Amino acid sequence: LMMDKTGWHAGLGMMTEFISDGLRLNTNELLKLLARFDYATFNKVPIDGGWSTGAIAEHLLLTDIRIGKVLVGKTETIERDSQDRISSIVERFRDNPDKIQAPSFLYPSDVAKDPISLSEKILQERCKIVNIALQFNPNLAYPDAPHHDLGVLSGIEWINFLIFHTKRHMLQMEKMLP
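Note that this is a predicted model, so its numbers are computed, not measured.

Re the overall build of the protein chain
Helix and strand counts for the protein chain stand at six helices and zero strands. Shown N-terminal to C-terminal, the secondary structure of the protein chain runs as helices and strands in the order α-α-α-α-α-α. Burial status across the protein chain gives 46% buried among its 178 residues. Across the protein chain, contacts joining residues at least 24 apart in sequence account for 79% of those joining residues at least 6 apart.

Some words on helix 5 (residues 115–133)
Look at helix 5: 26 Å from first C-alpha to last across 19 residues, which is about the 27 Å you get at 1.5 Å a residue. Among the residues of helix 5, those classed as buried are P115, L118, S119, I122, L123, E125, R126, I129, V130, I132 and A133.

Thoughts on the pattern of salt bridges
Oppositely charged side chains can pair when the atoms bearing their charge come close. Scanning all chains against the criterion turns up six salt bridges. A salt bridge links D149 to R92; the nearest nitrogen and oxygen atoms lie 3.1 Å apart. With D149 in the loop between helix 5 and helix 6 (155–174) and R92 in helix 4 (residues 86–93), the pair connects residues that are 57 residues apart, well separated along the chain.

Considering the side chain of H59
In this fold, H59 is placed in helix 3 (residues 53–70). H59 sits in the buried class, given a relative accessible area of 2%. There is a polar contact of 3.4 Å between the side chain of H59 and the side chain of H169.

Here we look at the environment of D21
When you line up the elements, D21 lands in helix 1 (residues 14–34). Residues D21 and V130, 109 residues apart in the sequence, show an inter-C-alpha distance of 9.3 Å.

Section: the nonpolar core
Ranked by size, the top nonpolar core spans 24 residues in total, and within it I19, L23, L71, F136, W158, I159 and F161 carry the most contacts. Take this core: its biggest share by element is six residues, from helix 6. In this structure, F37, A57, L60 and L123 belong to the second largest nonpolar core, which totals 15 residues.

Focus on the packing of helix 4 against helix 6
Between helix 4 and helix 6, the least distance of the axes is 9 Å, while the angle of their chain directions is 10 degrees. As judged from the angle between their axes, helix 4 and helix 6 are roughly parallel. Crossing of helix 4 against helix 6: the hand is right-handed. Facing helix 4, whose interface residues are I86, I89, V90, R92 and F93, helix 6 presents I156, E157, N160, F161, F164, H165 and R168.

Criteria and cut-off values
- Residues numbered from 1 in each chain as written.
- Predicted model: local features only at pLDDT ≥ 70, side-chain atom pairs only at ≥ 80, totals over all residues.
- Heavy atoms only, no water.
- Helix = DSSP H or I, 4+ residues; strand = E, 2+ residues; numbered from the N terminus.
- Buried < 20%, exposed > 50% of the residue type's maximum accessible area, 1.4 Å probe, protein only.
- Contact = heavy atoms within 4.5 Å.
- Expected span 1.5 Å × (residues − 1).
- Salt bridge = Lys/Arg side-chain N within 4 Å of Asp/Glu carboxyl O.
- Polar contact = N/O pair within 3.5 Å; in protein donor to acceptor, adjacent residues only side chain to side chain.
- Core = buried A, V, L, I, M, F, W, Y, C linked by side-chain atoms within 4.5 Å.
- Axes fitted to C-alpha atoms, helices over the stretch in contact; angles between N-to-C directions.
- Parallel < 35°, antiparallel > 145°, perpendicular 65-115°, else oblique.
- Left-handed = near helix turned anticlockwise from the far one by under 90°.

Shown next as structure tokens:
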């Protein structure tokens, strides 16, 4: 599975290109990583506890679904630089050994997961988000769905959240490779 960029850039501005390229690259890296797991290793819970790779992938899918819904919600102009919180997002996920508590609606189920099916669902959701991002104003805020720690975010901040959140979890999954 791969996400291509055919037709994504015709007449689009620089920020939209950044958004679509960043999401495409992040998605392809994630899908390549997930493809390295077989069913057994995908569902193996680490000895020290925590989520299996499959559970992490399902959490990422649930996060994608949530962000996709946020990005089609009510928007408003923002009274600050629309990229102001990106550095906080990066710091939150980069080189942070502390466990970050996700809201319960983003917790994975307890059932075994199929890596191929989950990868296909992630690809579908990411394609939806890219299509939304190609049509939205990344500088508008989404007041009806504030992040539980970061507050009201702009579109470009939500996209960066999605990318850096995924990168953090990819590092966890890489450690679980056989």
